[in-house]
Amino acid sequence: MLRVLAVDDEKPALEELLYLLRADSRIRSAEGATDATEALRRIGRAIDADPEGDDGIDVVFLDIHMAGLTGLDVARLLAGFARPPQIVFVTAHEGFAVQAFDLKAVDYVLKPVRRERLAEAVRRARELVVAQHAGGQAARGAAGQPAPGTAEPGRTAADRAAGPAVVPGPAGEQIPVELGGVTRFVPVDDITYVEAQGDYARLHTADGSHLVRIPLSTLEERWASRGFVRIHRSHLVALGRIDELRLDAGATSVRVGAAELAVSRRHARQLRDLLMQPRTS
C-alpha cells in the first residue's frame, strides 16, 4: 500500500485531495503539506528514515502553482535524490504537461479532481512503486542479502493471494498528450512512428495520432535505446513496427501499418543493417 504526501498551498484543495486519497484502499497513509519548503523537508526526512517504515513516502501528489517554489521546482530538486518518490502533478493548468513528461512524472491530473481520474493516477503510481521494490529486492538477492520480510512491499494480502505482481519495466514509459482539454498519457510502446511538424511532433499509433510540442530531435535522442530510429529528417520509426522494407529504382521506403514512409539515402544503409540483425524476443 502506498504512503503519499499531497502538496498544495490552497487549504480547501489540499483537504479535498487528502479526502479522496484516504478513501482509496490502496493508500496506506496520506499526509499534507501547504508549501514546497515543508514538503521538501518532510521528503528528505522520509528518505533518510527506514524506507519501509511509516514515515516513508512513495508518491507525492504535487500542485504546480504555489507561492515560492513551484511544483516543477520541487520535482527538479527531487530528481537529484538517490531514491526520489514518484511524482503526480495535480493542477488547474493544462500547459505544463510537456514539462511533466520531461521530469518523468507518473501522471498529470487536472483540477477539479475527479475520483475516478485520481484512482487511475494511484494505479499508475502503485505499479511503478511495486516495480521499484521488486527491483530493489532482486538487487539485494544478487548481492547475497536477504530481502526484508516475506511480504511483497506495496501489495495487500488480497493482491498476494491473486498471484505475483506484474512488474513493468522501462516499457512502461508514457508521454502526455492533450485532447479536447483533457491530458492523456500514451504508452511509448503504442507509438509506431513520429512525424516532425516544425517545433512539434505528431505521434502515430494504431488508434490515431497526437500532436505534442517536442522537437523530433529530442525524441530521437531520448528513445534511441527504445528501438526508435531516424529514417528521414521528418520521420522517426519504431524499428519493431516496420512491416516491410521496399527498394524501388534506387529509392528506399518502409511500410509501418498502413503508412509508407520514405527513407533518405543518408539513413538507408544503417536502417538495412539494423533490420538484418536478428531480433530477440
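What counts, and where the lines are drawn
Residues numbered from 1 in each chain as written. Predicted model: local features only at pLDDT ≥ 70, side-chain atom pairs only at ≥ 80, totals over all residues. Heavy atoms only, no water. Helix = DSSP H or I, 4+ residues; strand = E, 2+ residues; numbered from the N terminus. Buried < 20%, exposed > 50% of the residue type's maximum accessible area, 1.4 Å probe, protein only. Contact = heavy atoms within 4.5 Å. Areas by Shrake-Rupley, 256 points an atom, 1.4 Å probe, with all protein chains shown as cover. Core = buried A, V, L, I, M, F, W, Y, C linked by side-chain atoms within 4.5 Å. Phe/Tyr/Trp six-rings, centres within 6.5 Å; stacked < 30°, edge-to-face > 60°. Pairing = 2+ DSSP bridges. Axes fitted to C-alpha atoms, helices over the stretch in contact; angles between N-to-C directions. Expected span 1.5 Å × (residues − 1). Arc of directions from axis to C-beta. Polar contact = N/O pair within 3.5 Å; in protein donor to acceptor, adjacent residues only side chain to side chain. Right-handed = clockwise from strand over helix to strand, strands pointing away.

A.B. asks: How should the overall build of the chain be read in this particular structure?
C.D. replies: What the chain contains, in helices and strands, is eight helices and 15 strands. Here the chain, with 281 residues, has 41% of them falling under the buried criterion. In the chain, 55% of the contacts between residues at least 6 apart in sequence involve partners at least 24 apart. Carbon and sulfur atoms make up 51% of the accessible area of the chain, which amounts to about 15,000 Å² in all.

A.B. asks: Honestly, the nonpolar core in this entry has me stumped. Any pointers?
C.D. replies: Within soluble globular proteins, side chains that are nonpolar tend to cluster in buried spots. Formed by 26 residues in total, the largest nonpolar core has its most connected members in L5, V7, I43, V60, L62, F89 and Y108. Residue assignment for this core shows that the elements contributing at least two residues are β1 (2–7), α2 (36–48), β3 (59–62), α3 (71–78), β4 (86–91), α4 (97–102) and β5 (107–110). A total of six residues in this core trace back to one element, the largest contributor, which is α2. Residues in contact with V60, not counting those within four places in the same chain, are L5, V7, I43, P85, Q86, I87 and V88.

A.B. asks: Honestly, the packing of aromatic side chains in this entry has me stumped. Any pointers?
C.D. replies: Centre distance and the angle of the planes are the two values used to describe a pair of aromatic rings. All told, the structure shown has one aromatic pair when counted by the stated rule. Relative to F228, the ring of W223 lies with its centre 5.0 Å away and its plane at 45°, an arrangement referred to as tilted. Overall, the relative accessible area of 6% leaves F228 in the buried class.

A.B. asks: Would you explain the sheet that holds strand β9 (residues 200–205) in this entry?
C.D. replies: Within a sheet, neighbouring strands are paired by backbone hydrogen bonds and run either parallel or antiparallel to one another. With respect to topology, five strands assemble into an open sheet ordered β10-β9-β8-β12-β11, the strand pairing being antiparallel. Both outer strands of the open sheet, β10 (208–212) and β11 (228–232), are each paired with one neighbouring strand and no more. Strand-to-strand twist across the sheet, computed as the mean angle between neighbouring axes with direction ignored, equals 25°. Across four bridges, β11 lies against strand β12 (residues 235–238) in antiparallel orientation. Residue pairing across strands places H232 opposite H235, the latter belonging to β12.

A.B. asks: Honestly, α2 in this entry has me stumped. Any pointers?
C.D. replies: Residues spaced three or four apart along an α-helix face the same direction, because each turn holds 3.6 residues. With 13 residues, α2 extends 18 Å between its outermost C-alpha atoms, agreeing within 8% with the 18 Å of an ideal straight helix rising 1.5 Å per residue. Taken as a whole, α2 has its buried residues at A36, A39, L40, I43, G44, A46 and I47. The buried residues of α2 occupy an angular sector of 160° when projected down its axis, which confines them to one face. Away from the buried face of α2 by more than 90 degrees, exposed residues R45 and D48 are located. Buried residues along α2 sit in contact with β1, β2 (27–33), β3 and α3. Between a side-chain oxygen at the N-terminus of α2 and the backbone nitrogen of T37 the separation is 3.0 Å; the capping residue is D35.

A.B. asks: Even after reading the chapter, I still don't get helix α7 (residues 216–223), so can you show me in this structure?
C.D. replies: Residues L216, L219 and W223 constitute the buried set of α7. Taken down its axis, α7 places every buried residue within 60° of arc, on the same side.

A.B. asks: Explain unusual backbone geometry to me, please; I cannot follow it from the model alone.
C.D. replies: The phi angle of most residues is negative, glycine excepted, and most peptide bonds adopt the trans form. Of the consecutive residues K111 and P112, the connecting peptide bond is found in the cis state with omega at -5°. Located in the positive-phi region is K104, a residue other than glycine, with phi close to 60°. With respect to the secondary-structure elements, K104 resides in the loop between α4 and β5.

A.B. asks: I'm lost on the sheet that holds β5 in this one. Help?
C.D. replies: Spatial ordering of the open sheet is given by β2-β1-β3-β4-β5, a layout of five strands whose pairing is parallel. Each end of this open sheet is capped by a strand with a single partner; those strands are β2 and β5. Shown here is a sheet whose adjacent strand axes are inclined to one another by a mean of 20°, direction ignored. Direction of pairing for β4 relative to β5: parallel, over a ladder of four bridges. For V88, the partnering residue across the bridge sits in β5 and is D107. Set on the sheet, helix α1 (residues 11–22) makes contact with β1, β2, β3 and β4; between it and β2 the angle comes to about 175°. Sheet strands in contact with α2 are β1, β2 and β3, and its direction is about 140° off that of β2.

A.B. asks: Looking at this model, I keep getting lost on the pairing of β2. Mind explaining?
C.D. replies: Successive side chains on a regular strand alternate, one facing one side of the sheet and the next facing the other. Bridge count for β1 against β2 is six bridges, and the pairing is parallel. Bridge pairing links L2 to I27 in β2. In this view, the connection linking β1 to its parallel neighbour β2 by way of α1 has right-handed handedness.

Geometry only, nothing functional implied.
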